[in-house]
Amino acid sequence: MADPDGSLVLQVVGLRKHFGGVQAVNGVDLAVAEGELRAIIGPNGAGKTTLFNLISGDLAYDSGQIYFRGEEINGLPPPELCRRGLARTFQITSIFRRLSTLENVQTALLTHHRRHHNLFRPARRLYRDEAMVLLDRVGLVDQAPKPSGILPHGDQRRLELALALASEPQLLMLDEPTAGMAPRERHEIMALAAGIATDARLTIVFTEHDMDVVFAVARRITVLHQGAVLAEGTPLEVRGHPEVQRVYLGQRRGTAR
Amino acid sequence: MRVARWLVAIAILLILPPLLPSFLVVVMTEIAIVALFATAFNLLMGFGGMVSFGHAAYFALGAYAAAILVKQAAWPMLLGLAAAPFAAAAGALFFGFFIVRLTHTYFAMLSLAFAQIVFTVVFKWKALTGGDDGLLNVWPPAWLKSPLAYCYFTLVVVGLAMLALHAIVDSPFGYALRAIRENPRRARFIGVNVRRHQLQAFVLSGFFSGLAGGLFAFFNGSVFPDFAYLNKSFEPLVVALLGGVQSFFGPLAGAVGFKILETYIARQWPIYWPLFLGAAVVFVVVALPQGFVGLLQRRAWRTRTAR
Amino acid sequence: MDFVTSLFPWITNGPLIVVQVMSGLSVAMFLFLVSVGMSLIFGVTRIVNLAHGSFYMVGAYLMVTLAEMLPDHPLAFWLALLVAPLGVGLLGGVIEVTLLRRIYHREPLLQLILTFGLILVIGTLVLLVWGPDNKSVARPEALAGSVKILGQPFPSYYLLVLALAPIVAVGLWVIFYRTRWGMLIRAATVDREMLGALGVDVATLYTQVFVFGSLLAGFGGALSAPTVAVALGMDGDVLTTAFVVVVIGGLGSFAGSFVSALLVGELQSFGILVFPAVSIVLLFAIMAVVLIVRPWGLLGHPEE
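To keep things clear, this report deals only with the structure shown in the data block.

The rules behind the values
Residues numbered from 1 in each chain as written. Chains lettered and ligands numbered in written order. Predicted model: local features only at pLDDT ≥ 70, side-chain atom pairs only at ≥ 80, totals over all residues. Heavy atoms only, no water. Helix = DSSP H or I, 4+ residues; strand = E, 2+ residues; numbered from the N terminus. Rg over C-alpha atoms; globule rule 2.2 N^0.38 Å. Contact = heavy atoms within 4.5 Å. Buried area = accessible area lost by both parts, 1.4 Å probe. Salt bridge = Lys/Arg side-chain N within 4 Å of Asp/Glu carboxyl O. Nonpolar A, V, L, I, M, F, W, Y, C, P; charged D, E, K, R; others polar. Phe/Tyr/Trp six-rings, centres within 6.5 Å; stacked < 30°, edge-to-face > 60°. Buried < 20%, exposed > 50% of the residue type's maximum accessible area, 1.4 Å probe, protein only. Lys NZ or Arg CZ within 6 Å of the ring centre and 35° of its normal. Core = buried A, V, L, I, M, F, W, Y, C linked by side-chain atoms within 4.5 Å. Axes fitted to C-alpha atoms, helices over the stretch in contact; angles between N-to-C directions. Parallel < 35°, antiparallel > 145°, perpendicular 65-115°, else oblique. Left-handed = near helix turned anticlockwise from the far one by under 90°. Pairing = 2+ DSSP bridges. Patch = residues over 30% accessible without salt bridge, like charges linked within 9 Å, V, L, I, M, F, W, Y side chains within 5 Å. Areas by Shrake-Rupley, 256 points an atom, 1.4 Å probe, with all protein chains shown as cover.

## Observations concerning the overall build of chain C
Part 1: Along its length, chain C carries 12 helices and two strands.
Part 2: Scanning chain C from its N terminus toward the C terminus, one meets helices and strands in the order α-α-α-α-α-β-β-α-α-α-α-α-α-α.
Part 3: A compact globule built from 304 residues should have a C-alpha radius of gyration of about 19 Å, and chain C, at 20 Å, falls within 12% of that.
Part 4: Oriented by its inertia axes, the alpha-carbon framework of chain C measures out at about 60 × 50 × 35 Å.

## Topic: the interface of chain C and chain B
By a widely used convention, the size of an interface equals the accessible area lost when the partners come together.
Part 1: Counting residues at the interface gives 36 residues for chain C and 32 residues for chain B.
Part 2: Roughly 3,300 Å² is buried in total at the junction of chain C and chain B, and carbon and sulfur atoms are behind 86% of that figure.
Part 3: Linking chain C with chain B are zero salt bridges, by the criterion used here.
Part 4: Of all the elements in the fold, those that place two or more residues in the side of chain C that touches chain B are helix H5 (108–130), helix H10 (234–249) and helix H12 (279–293) of chain C.
Part 5: The leading source of residues in the side of chain C that touches chain B is H5 of chain C, at 15 residues.
Part 6: Looking at the side of chain C that touches chain B residue by residue, the class counts come to 31 nonpolar, three polar and two charged.

## Notes on the packing of aromatic side chains
Part 1: Within the structure shown, the criterion is met by 38 aromatic pairs over all chains.
Part 2: Summarising the aromatic geometry, the rings of Phe86 of chain B and Phe207 of chain B are spaced 5.2 Å apart at their centres and angled 85° between planes, so their arrangement reads as edge-to-face. Of this pair, Phe86 of chain B sits in helix H4 (residues 77–99) while Phe207 of chain B sits in helix H10 (residues 194–220), and the two are 121 residues apart along the sequence.
Part 3: Taking the centre distance of 3.5 Å and the plane angle of 15° together, the rings of Phe234 of chain B and Phe116 of chain C count as stacked. Separated into two different chains, Phe234 of chain B in helix H11 (residues 230–243) and Phe116 of chain C in helix H5 make up a pair that spans both.
Part 4: A relative accessible area of 6% means that Phe116 of chain C is categorised as buried.
Part 5: Over the aromatic face of Phe215 of chain A sits the side chain of Arg239 of chain A, whose NZ or CZ is 4.3 Å from the ring centroid.

## Some thoughts on the pattern of salt bridges
Opposite charge on two side chains makes pairing possible when the charged atoms of those side chains draw close.
Residues and elements named next belong to chain A.
Part 1: By the definition in use, this model includes 23 salt bridges over all chains.
Part 2: For Glu80, the salt bridge identified is with Arg84, shortest N-O distance 3.0 Å. Pair noted here: Glu80 and Arg84 are both in helix H2 (residues 78–84), with a separation of four residues, about one helical turn.
Part 3: With relative accessibility at 26%, the residue Arg84 sits in the partly exposed group.
Part 4: Taken together, the shared-partner salt bridges in this structure form one network comprising Glu36, Arg38, Arg220 and Glu232.

## A word on the nonpolar core
Part 1: Membership of the largest hydrophobic core comes to 202 residues, with the highest contact counts inside it found for Leu36 of chain B together with Leu50, Leu223 and Met287 of chain C.
Part 2: Among the elements that take part in this core, helix H2 (residues 22–48) of chain B stands out by supplying 17 residues, more than any other.
Part 3: Leave out the neighbours within four places in its chain, and Met287 of chain C touches Met109 and Ala113 of chain B together with Phe243, Val244, Val247 and Ile248 of chain C.
Part 4: Ile204 and Val217 of chain A together with Ile180 and Val192 of chain B belong to the second largest nonpolar core, which has 58 residues in total.

## Observations regarding the packing of helix H5 (residues 153–165) of chain A against helix H6 (residues 183–200) of chain A
A pair of packed helices is characterised by two quantities: the angle between their axes and the separation of those axes.
All names here are of chain A.
Part 1: In the contact formed by H5 and H6, the axes pass within 11 Å of each other and the chain directions differ by 15°. Accordingly, the angle class assigned to the pair H5 and H6 is roughly parallel. Considering the relative orientation of H5 and H6, their crossing is right-handed. Here Gly154, Arg157, Arg158, Leu161 and Leu165 of H5 come into contact with H6, specifically with Glu185, Glu188, Ile189, Leu192 and Ile196.

## Comments concerning the pairing of strand S6 (residues 86–89) of chain A
Looking along a regular strand, one sees side chains alternate from face to face of the sheet.
All names here are of chain A.
Part 1: Across the two faces of S6 the burial is the same, with Leu86 and Arg88 and Ala87 and Thr89 all buried.
Part 2: Across four bridges, the pairing between S6 and strand S7 (residues 171–175) is parallel. Among the inter-strand pairings, Thr89 is bridged to a residue of S7, identified as Leu174.

## Some words on the environment of Ile292 of chain C
Part 1: Here Ile292 of chain C shows up in helix H12.
Part 2: According to the relative accessible area criterion, Ile292 of chain C is partly exposed, its value standing at 31%.
Part 3: Once residues lying within four places of it in the same chain are set aside, the contact partners of Ile292 of chain C are Phe98, Leu110 and Phe114 of chain B.

## Some thoughts on a nonpolar patch on the surface
Residue and element names in this part refer to chain B.
Part 1: On the surface, Val3, Leu7, Val8, Ile10, Ile12, Leu14, Ile15, Leu16 and Leu19 cluster together to form a nonpolar patch covering roughly 860 Å² of accessible area.
Part 2: Of note, Val3 is situated in helix H1 (residues 2–19).
Part 3: By relative accessible area, which is 57% here, Val3 ends up exposed.

## A word on the sheet that holds S6 of chain A
Hydrogen bonds along the backbone pair up the strands of a sheet, which may run parallel or antiparallel.
All names here are of chain A.
Part 1: Taken together, six strands build an open sheet; the order of strands is S6-S7-S8-S3-S9-S10 and the sheet is mixed. The strands lining the two open edges of the sheet, one partner per strand, are S6 and strand S10 (228–233). Within this sheet the neighbouring strands show an average axis-to-axis angle of 20°, counted without direction.
Part 2: In this structure, strand S3 (residues 37–41) lies alongside strand S9 (residues 220–225), joined through four bridges in parallel fashion. From the neighbouring strand, Arg38 faces S9, where its bridge partner is Arg220.
Part 3: Together, S3, S6, S7, strand S8 (203–207) and S9 form the strand contacts of helix H1 (residues 48–55), whose direction differs from that of S7 by roughly 145°.
Part 4: Sitting on the sheet, H6 touches S3, S7 and S8, and the angle it makes with S8 is about 155°.

## Here's the deal with the environment of Gly213 of chain C
Residue and element names in this part refer to chain C.
Part 1: Among the structural elements, Gly213 can be located in helix H9 (residues 202–224).
Part 2: You can call Gly213 buried: its relative accessible area is 0%.
Part 3: In sequence terms Gly213 and Gly93 are 120 residues apart; their C-alpha atoms lie 10.0 Å from each other.
Part 4: Sequence-distant contacts of Gly213, that is, excluding residues within four places in its chain, are made with Gly37, Ile41 and His52.

## Comments concerning the sheet that holds strand S2 (residues 22–33) of chain A
Residues and elements named next belong to chain A.
Part 1: Taken in spatial order, the four strands make up an open sheet running S2-S1-S4-S5, and their pairing is antiparallel. The open sheet has two edge strands with one neighbour each: S2 and strand S5 (71–72).
Part 2: Contacting strand S1 (8–19), S2 and strand S4 (63–68), H1 crosses the sheet at an angle of about 115° to S1.

Keep in mind these numbers describe shape, not what the thing actually does.
Following this line, the structure appears as structure tokens:
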């Protein structure tokens, strides 16, 4: 099943997962090529977050295969996936709240460079410059010394993005990166992520509720419905897809202009 | 400035003991040992977010390893003391392997269960441990026998151990440990093998607890099964809590306060000591979750920001 | 077989085994009373009450005082058995309202530490009120002697304990499964969010549950007073064993406490015959294995 020309960063084949009697992910196929900016959309309960958790190793799946850069990653735990170049963010902001903003990023860098078993070197001075570069990229230089838990919500989302970038991933998975943000801020952070992706030649897969954001940045869109892929294509194709119009866009005409 | 402060502290510690009445020299020695035990414990609680209810097990393993090697195998004292932390670390590795699989309340309970097993084994294995009677006459050699000499010896050993612990807290290892405390899931996704890291912290904590136990064996001149009992497990917890678990030196401050109070209150009114201790714990939990050091720090922070 | 019987001569002694089983059952009764309350309190409030052994001890000491205070009357014992648990329930209520209520929203560890502090406070207060000497409570006259069971002597007071056991178990079952209050408790154990949705006054429910759990522990202590030397170390002994029972059965599980109390009661009763030296190790080893394999206990539910 491995992809023949090796240009796929992520390939998902027939993935299934159920919770009790609910089939949360029901035979999903997905192929994401290198450098893509892929949105995964769908109504609440379509299985987006479950799919994310399955791919990132947070949950075990019932059947199917996941290939990351041509290798099957069945059963690999998150730290191992992180090492291989898969990073992610969470729908509910997930940072180290009582560490300073700088320490957050330094810790991620230390781990990425496999230095986190070192017992006797002061970590304060390690990867400080690299961390500042990353913070600069997400616009948080001024916040570096503050405890990250007291940053405004939007800045915490940016910090989480920096944490994910610290491991120099090939694939970055963002689970509703704009959740809880004001509309203007949403476009800013997505433009930021898209810019970083282009610069670093990394592939991004993201889920998003805000259709404005999705259609503004995504180059391809996958629509999930009831745990299965309903449609896939360019924003234009998806917008014109009759099924999508019926089950999804039709209901939220307000946001899906 | 920082260095100067440190030099002053060291100078005071070096000059003070001969000036003190001899019973205070003994108290000071004990404070140092309790401070080490509580700081080792706090590596887990304050920095790793893991609360052990059975840390007496590693204290006792260290104490008994030293006592048994010196008494039953006739090792020299220094070698026996050097073996103590390794014996405790081995125990911590074995028990910790299972304990770190659990979280929160269950973590605390399994650590307690293992400590009770250690206690019972120590209590029942008369041939090796002397059972209820303990092992007596575990004294250091002549050159360390005076309270003053042993006080200096303890200060040096504890000082070095605290230095190592301080370095560990500030090291990359310590950063990753704090990251796990804050958010284990996120830690996994930046590439930390959470359980393995927790186990390493557990072993390190056991190592230094065992060193404290070894020092205490020669300080006390005897070892008893109580060293592994519940009350002993709660000692570092109470001390760290009183001093403040969020700061590295909280347990040290807690140990000073705890032992001075114990010396005066427990001697004057031994019956009221547990009442006082219990009430203090209840008070700290309900009113001062950051401990006394935390309170001072908050004050300091407030005055600094107010300026 | 010869080898086994030489090690454990009682194996061939059928009547002795029966008596041993029965005394195991009465131990189980005491364990059940204290552990079901502890488990119940955890299920609803998520607090592991380390002071539960202290409540048991206070129940026993109140029994001592009541036995001295009440006039010498055949009914005095039964009145004391009724009043002592109420006193402990009151104590539990005071503690819940003044202290625990302030820390429900805080880290579980602080809650554990607080109840540990209570052990020390209650232990010292008991020492101050009742003094350091062991006390004893006389059994009621009708149950003072012993009866022969298959030729083996068996204290008749234990027959009372054994008779009460099914009554208590069925009574609790009715409360948990046949009353609205019991339904709320079970709902709280499974999903606390649901309570708010049901429009329940959560604070009051917590107090009620804590008082009820304390009452059960107090009843266990009062009932056990005539069978043991009422002494200061009771709190720790009872706590450790009850703790093992609750963990093995599953925190928050009523049926788990029941099954586990039986298991541990019999194990203690026979353990003393079989492995006198290591029966406690055996207990903790079983608890450790349960925690490793099924941390939520034999009949508990895994936490989400």
